[in-house]
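Spelled out from the first residue to the last, the chains are:
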Amino acid sequence: MNADISLLVVGGGPAGITAALQARELGAHVTLLEASQIGGTSLNRGPAPVRTLARAARLARDWSSWSSFGLQGPAPVPDLPAMLANSERVARYARDKKDVAGHLRRQGIDLIEEAGPVRFADPHSMAASDGRAWSADYVILAVGGHAARLPIPGAELGLTYEDIASLASLPTRVTVVGGADTGCQIASIFEDFGAAVTVFEAGPVLVPAADLSVSAELSRAFTAQGMTVVTDTRVEALDQADDGITVRYRNGAGNGQMVADAVFFAVGWPANLSQLNLEAAGVRAEHGAIPVDEYLRTNVEHIFAAGDVNGHFMLVQTARMEGRIAARNSILGQARQATYDVIPSGSFTDPEYGRVGLTEAQAARQHDIVVGIARYDDLLRPVADGRPEGFCKLIADRRSHAILGAHVVGEYSAETVQTVAAAMAAGMTVAQVAELQLAYPTFTEGVSMAAQKICRTIGIGRFPQVWSYLGSDE
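Basis of the calculations
- Positions within a chain are numbered from 1, following the residues in the order the chain's sequence is written.
- The model is predicted, so local features are restricted to residues of pLDDT at least 70 and side-chain atom pairs to those at 80 or more, both for listing and for counting; the totals for chains, interfaces and linings are taken over all residues.
- Water and hydrogen atoms were dropped before computing side-chain values, which therefore reflect all heavy atoms in the structure.
- Runs of H or I in DSSP of at least four residues are treated as helices and runs of E of at least two as strands, each being numbered from the N terminus.
- Residue exposure (1.4 Å probe, protein chains only): buried if accessible area is under 20% of the type maximum, exposed if over 50%, otherwise partly exposed.
- Whether two residues are in contact is decided by their heavy atoms: any pair within 4.5 Å suffices.
- Pairs of N or O atoms are called polar contacts if they sit within 3.5 Å, as long as, within protein, a hydrogen donor faces a hydrogen acceptor (for residues adjacent in sequence, only side-chain-to-side-chain pairs).
- Any two strands between which DSSP finds at least two bridges are classified as paired.
- Orientation is described by axes fitted as lines to C-alpha atoms, over the contacting stretch for helices, and by angles from 0 to 180 degrees between their N-to-C directions.
- Only Phe, Tyr and Trp rings are paired, with Trp represented by its six-membered ring, and only when their centres lie within 6.5 Å; those with planes under 30 degrees apart are stacked, over 60 edge-to-face, the remainder tilted.
- Residue count minus one, scaled by 1.5 Å, sets the expected span of a helix.

As for unusual backbone geometry
- Backbone torsion omega between D350 and P351 reads 10°, so that peptide bond is classified as cis.
- The residue P351 is located in the loop between strand 16 (345-347) and strand 17 (353-357) in this model.
- Cis peptide bonds are those with omega within 30 degrees of zero, and the linkage from Y440 to P441 qualifies with -10°.
- Here P441 is to be found in the loop between helix 12 (430-434) and helix 13 (445-458).
- The phi torsion at D232 lies on the positive side, around 50°, for a residue other than glycine.

Given below as structure tokens:
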């Protein structure tokens, strides 16, 4: 079946790997081109190694709570080379132990690693700089993206998260430019390792895309930890100074400057388009990405784009979903549309946060909503673990009782929010979630508690108030 169909997948990250495997499963002849190592950013430079480093940072942070558990001992001393070596170990495990390249080849996929940048020669062909060329009936572009820098004087003095692995020692003064997901993760890691951290965000709040309650809690927590959070501020230049890097910025109060040992940019993730020669294929790009329709087709009928390159969501889970759908639609025709209604995500900041669905502001524009908040200091597990700061917030429709979104701040938030995501995907009502017998004592109990609060507000289910917090949830 489909043995006469050939597919060229460009990019070996989550979207490209999944697309290649799905297309091969459907019987197509598949060639997968990867510029460097298979695995893309997520395995080689992104979530795998950075999450490992974040784990080391949290372990260092936890030393401050030892005495409350009756534990005595000296503070751990961060060994940056050893920590980076451990991060690389995890990246190698994900890449080599799982033998991604071998698995692809065993499935009959023609995998070309270290191909270098490839470019369109014509709408059906790609060529490498060494003269090699490949052609196919269909093409899926899954080339991912890269960390951006601000177009300001001295930008070359700044780093991105990819440069953490090149550090010889831990900087004592760190400035992070950009207060969204990645910026807050970088800030948290270095703060937990003892650096003095300043975060600059051009917008009015940290993590502008998050629910406002999450943004407010992160800002409060960061400030309580000793970070300096500066919003509504634009960094305008970096200058080399004798004692570090001078960061020049402007806000409503005027111009200012400060000195840091290291400055990290976390200001966006444009697609890797510059070397694709899209004009030769007639593919249109705009705003740093390739627009696609609901079937993930570009403006050229036989060319699809999946993952970060299309600018929808910069998430591994979304890239995998899009890779599957792009492959199915290229081989089978318009088989399935991409949907983005329920996409849980988490950021490994300190405190951690997770989210799924609509924010409260988004939901209020479209629905008559009810909000329930379970505070972590009302749950045994967070208190027992010495981490009572945080909350689980659910948003539901007052009439249909559908869950519209969830936002969690605190330990294990990325795991907790997935319980809500599963309930949303299954079409469970808030009353059904309130009835769940979730394990005790866990952080996830906050999901059912928040649901019960909503049910009491709506007047359904007749749940007794089993929590002690009697104040306002605002």
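Brief notes about the environment of I109
- Turning to its location among the elements, I109 is positioned in the loop between helix 5 (100-106) and strand 3 (110-112).
- Using a relative accessible area of 4% as the deciding quantity, one classes I109 as buried.
- In the structure, I109 is positioned 78 residues away from T31 in sequence and 5.9 Å away in space, judged by C-alpha atoms.
- For I109, the contacting residues outside a window of four places in its chain are A20, L21, R24, V30, L32 and L104.

Quick notes on the side chain of H401
- Structurally, the position occupied by H401 is in the loop between strand 19 (391-397) and strand 20 (403-409).
- Engagement of the side chain of H401 in a polar contact is seen with the backbone oxygen of R398, the distance being 3.4 Å.
- Contact partners of H401, with chain neighbours within four places excluded, come to T429, V430, I458 and I460.

Overview of the sheet that holds strand 2 (residues 29-33)
- Strand order in the open sheet made by the five strands is 3-2-1-7-15, with parallel pairing throughout. Two strands in the sheet have a free side with no partner beyond their single neighbour: strand 3 and strand 15 (303-305). For this sheet, the mean angle separating the axes of adjacent strands, direction not counted, is 15°.
- Looking at chain direction, strand 7 (residues 138-141) and strand 15 are connected through three bridges and run parallel. Considered in strand 15, the bridge of L141 is made with A305.
- In the packing of helix 1 (residues 14-25) onto the sheet, the strands contacted are strand 1 (6-10), strand 2 and strand 7, and the crossing angle to strand 2 comes to about 165°.

A word on the packing of aromatic side chains
- Applying the stated criterion across every chain yields a total of six aromatic pairs.
- On the numbers, 4.9 Å between centres and 40° between planes, the contact of F200 with Y249 is tilted. In this pair, F200 sits in strand 9 (residues 196-200) while Y249 sits in strand 12 (residues 244-251), placing the two residues 49 residues apart along the sequence. The two residues F200 and Y249 agree in class, both being buried.

Focus on the sheet that holds strand 13 (residues 254-260)
- Overall, antiparallel pairing links the three strands, which are arranged 11-12-13 in an open sheet. Bordering the open sheet on either side are strand 11 (233-241) and strand 13, each of which pairs with just one other strand. Between one strand axis and the next, the sheet turns by 25° as a mean value, whatever way the strands run.
- Bridge analysis of strand 11 against strand 12 gives eight bridges, and the strand direction is antiparallel. From the neighbouring strand, V235 faces strand 12, where its bridge partner is Y249.

Some points on helix 8 (residues 316-332)
- For helix 8, which comprises 17 residues, the first-to-last C-alpha distance of 24 Å matches the rise-based estimate of 24 Å (1.5 Å per residue) to within 8%.
- Buried residues of helix 8: T318, A319, M321, E322, G323, I325, A326, A327, N329, S330 and I331, and no others.
- Buried residues along helix 8 sit in contact with strand 1, helix 1, strand 7 and strand 15.
- Just downstream of helix 8, G333 is the residue with a positive phi angle, here 90°.

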